[in-house]
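Chains, contacts and geometry: an overview
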Amino acid sequence: MQQIINFIIRNKSFLLYLLLFSLAFVFTIQSHSYHKSKFINSANFLSGGIYNSINDASEYLNLRTQNTLLQEENNQLKSILFNKTDTISKTFIDSTYSGTSYKFSPAVVIKNSYSLSNNVLLLNKGRRDSIQQDFGVVSPKGLVGIVDKTSKKYATVISILNTSSRISAQLKKSNHFGSLIWNGKSPYLVQLTEIPKIAPIVVGDTIITSGRSSIFPKNIPIGTIDSFNLDTSQNYYVIHIRLFNDMTSLEHVYIIENKDANEINALINNTNE
C-alpha cells in the first residue's frame, strides 16, 4: 500500500495530466457531434473487428465437425456410385440430386430451439429463394422438420421436436408405417405410433420416411429403434426412436421442394370432395 502511495506522489503531475486530458477528451466528444460520430464509428469498427475475429476462431474450431458431416455426405454419394443395392441411400440421394420430382436447396440454421414443447428453427432462406410453406427440411443425417412460415429472406421450420408435428414414417424392413410424433421429453428420441401388433419390431432396426405425403420422398433416414411398448387397448405399438440427427447442434440443412406437390394435393382434394 505504501508503494502505491509513493508511486502516486512521485508521478502526481503526470497522473493529473492524464486525468485532465481524459476529461477534456470526453467533454470534446460530448459537445461536438462530428467528434462524437467519429468516435462511435471507430468504436463500432473496433468492436466489429473483435466480434469478427471471435467468429472466425469459432468457425475454425468447428471445422472438424463440419468436415465430418461433409465426409458422411460424400460417403453416401459413393455408396450410390459403387453399391446400387443400397436402396435407402440410393432413393434418398438420387431424389436429392438427380431426380425430376424433388429439388433440394442448401440453407443454414441461424436459430434453433430444442428444449421447449413446440420447437422451431430459423433458416437463412425465404420467399426470394422460392421457399414456401410445407417444404420439407433434412440434414446430411436425416429428417429435420417442415417449413411453417416464410418472409422475404427467412423461413421458420416446425422441428420434429415439436409436439404438434406429425410425419408419416415406416419400418425399413417391413414397410409398416405410422405417425412420427414427439412426446416433449428427450431431444434425442421421437416416437412412432400406430404400428400394428403384427409388425416385426427389433431394437436397432432403422426407421425412414414412408413417402406417403407430398412433402418428403421415401427412404429419408430418421433413426433406429431404441425401445417399444404395446398399447394393449388398441393393439398398436409405440416405438421410441433414437434420432440420427443431433437436433441440438444443427447448422447445415437442405430444403426439399416437391415439384409435383400441387398436382398431387389437387388430385387428393378432388377425390375427397
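Residues numbered from 1 in each chain as written. Predicted model: local features only at pLDDT ≥ 70, side-chain atom pairs only at ≥ 80, totals over all residues. Heavy atoms only, no water.

With respect to a nonpolar patch on the surface
Together, Ile4, Phe7, Ile8, Phe14, Leu15, Tyr17, Leu18 and Phe21 line one region of the surface with nonpolar side chains, adding up to about 780 Å² of accessible area. For the nonpolar patch, the elements supplying multiple residues, two or more each, are helix H1 (2–10) and helix H2 (12–31). Ranked by residue count, the leading element in the nonpolar patch is H2, at five residues. Tracing the sequence through the fold places Ile4 in helix H1. (Patch = residues over 30% accessible without salt bridge, like charges linked within 9 Å, V, L, I, M, F, W, Y side chains within 5 Å. Areas by Shrake-Rupley, 256 points an atom, 1.4 Å probe, with all protein chains shown as cover. Salt bridge = Lys/Arg side-chain N within 4 Å of Asp/Glu carboxyl O. Helix = DSSP H or I, 4+ residues; strand = E, 2+ residues; numbered from the N terminus.)

Comments concerning the side chain of Gln170
Here Gln170 shows up in strand E6 (residues 167–171). Here the side chain of Gln170 touches Asn175 through a polar contact of 2.7 Å, side chain to side chain. At a separation of 3.1 Å, a polar atom in the side chain of Gln170 contacts the side chain of Arg212. (Polar contact = N/O pair within 3.5 Å; in protein donor to acceptor, adjacent residues only side chain to side chain.)

Thoughts on the packing of aromatic side chains
According to the stated counting rule, one finds two aromatic pairs in the structure shown. For the pair Phe104 and Tyr254, a centre-to-centre distance of 6.5 Å together with 45 degrees between the ring planes defines the contact as tilted. Taken together, the residues Phe104 in strand E1 (residues 102–112) and Tyr254 in strand E12 (residues 252–258) connect sequence positions 150 residues apart. Exposure remark for Phe104: the relative accessible area of 13% places this residue in the buried category. With 5.6 Å between their ring centres and 85 degrees between their planes, Phe228 and Tyr237 make a pair best called edge-to-face. (Phe/Tyr/Trp six-rings, centres within 6.5 Å; stacked < 30°, edge-to-face > 60°. Buried < 20%, exposed > 50% of the residue type's maximum accessible area, 1.4 Å probe, protein only.)

Focus: the side chain of Ser179
By the secondary structure assignment, Ser179 is in strand E7 (residues 177–181). We classify Ser179 as buried; its relative accessible area is 14%. Setting aside anything within four residues of it in sequence, one finds Ser179 in contact with Arg166, Ile167, Gln191, Leu192, Thr193 and Glu194. (Contact = heavy atoms within 4.5 Å.)

Quick look at the sheet that holds E1
Here we have six strands rolled up into a closed barrel, ordered E1-E2-E5-E4-E3-E12, and antiparallel in their pairing. Between one strand axis and the next, the sheet turns by 45 degrees as a mean value, whatever way the strands run. (Pairing = 2+ DSSP bridges. Axes fitted to C-alpha atoms, helices over the stretch in contact; angles between N-to-C directions.)

Structural notes on the environment of Ser164
Tracing the backbone through its elements, the reader meets Ser164 in the loop between strand E5 (155–162) and E6. Between the alpha carbons of Ser164 and Trp182 there is a distance of 8.0 Å; along the sequence they are 18 residues apart. Once residues lying within four places of it in the same chain are set aside, the contact partners of Ser164 are Asn118 and Ile158.

Observations regarding the confidence of the model for the protein
The predicted coordinates ought not to be read in detail in places where the model reports low pLDDT. Of all residues in the protein, 71% attain a pLDDT of 70 or more, and the chain-wide mean is 79. Taken element by element, the protein is modelled with least confidence in helix H5 (residues 87–97), mean pLDDT 43, and with most confidence in E5, mean pLDDT 97. Confidence over residues 78–99 falls short of pLDDT 50; this stretch has 36 contacts with residues more than four positions distant or in other chains. (pLDDT = per-residue confidence, 0-100.)

Some details on the pattern of salt bridges
For the structure shown, the criterion picks out four salt bridges. In this structure, Lys173 engages Asp205 in a salt bridge whose closest nitrogen and oxygen atoms are separated by 3.4 Å. In this pair, Lys173 sits in the loop between E6 and E7 while Asp205 sits in the loop between strand E8 (189–196) and strand E9 (206–209), placing the two residues 32 residues apart along the sequence. Overall, the relative accessible area of 69% leaves Lys173 in the exposed class.

Description of the pairing of E6
With four of five residues buried, E6 lies mostly within the body of the structure. Pairing of E6 with E7 involves four bridges; the strand directions are antiparallel. Within E7, the residue paired with Ala169 across the bridge is Gly178. In this antiparallel pair of consecutive strands, E6 and E7, the connection spans five residues, and Asn175 shows a positive phi of 70 degrees. Across three bridges, E6 lies against E9 in antiparallel orientation. Residue pairing across strands places Ala169 opposite Thr209, the latter belonging to E9.

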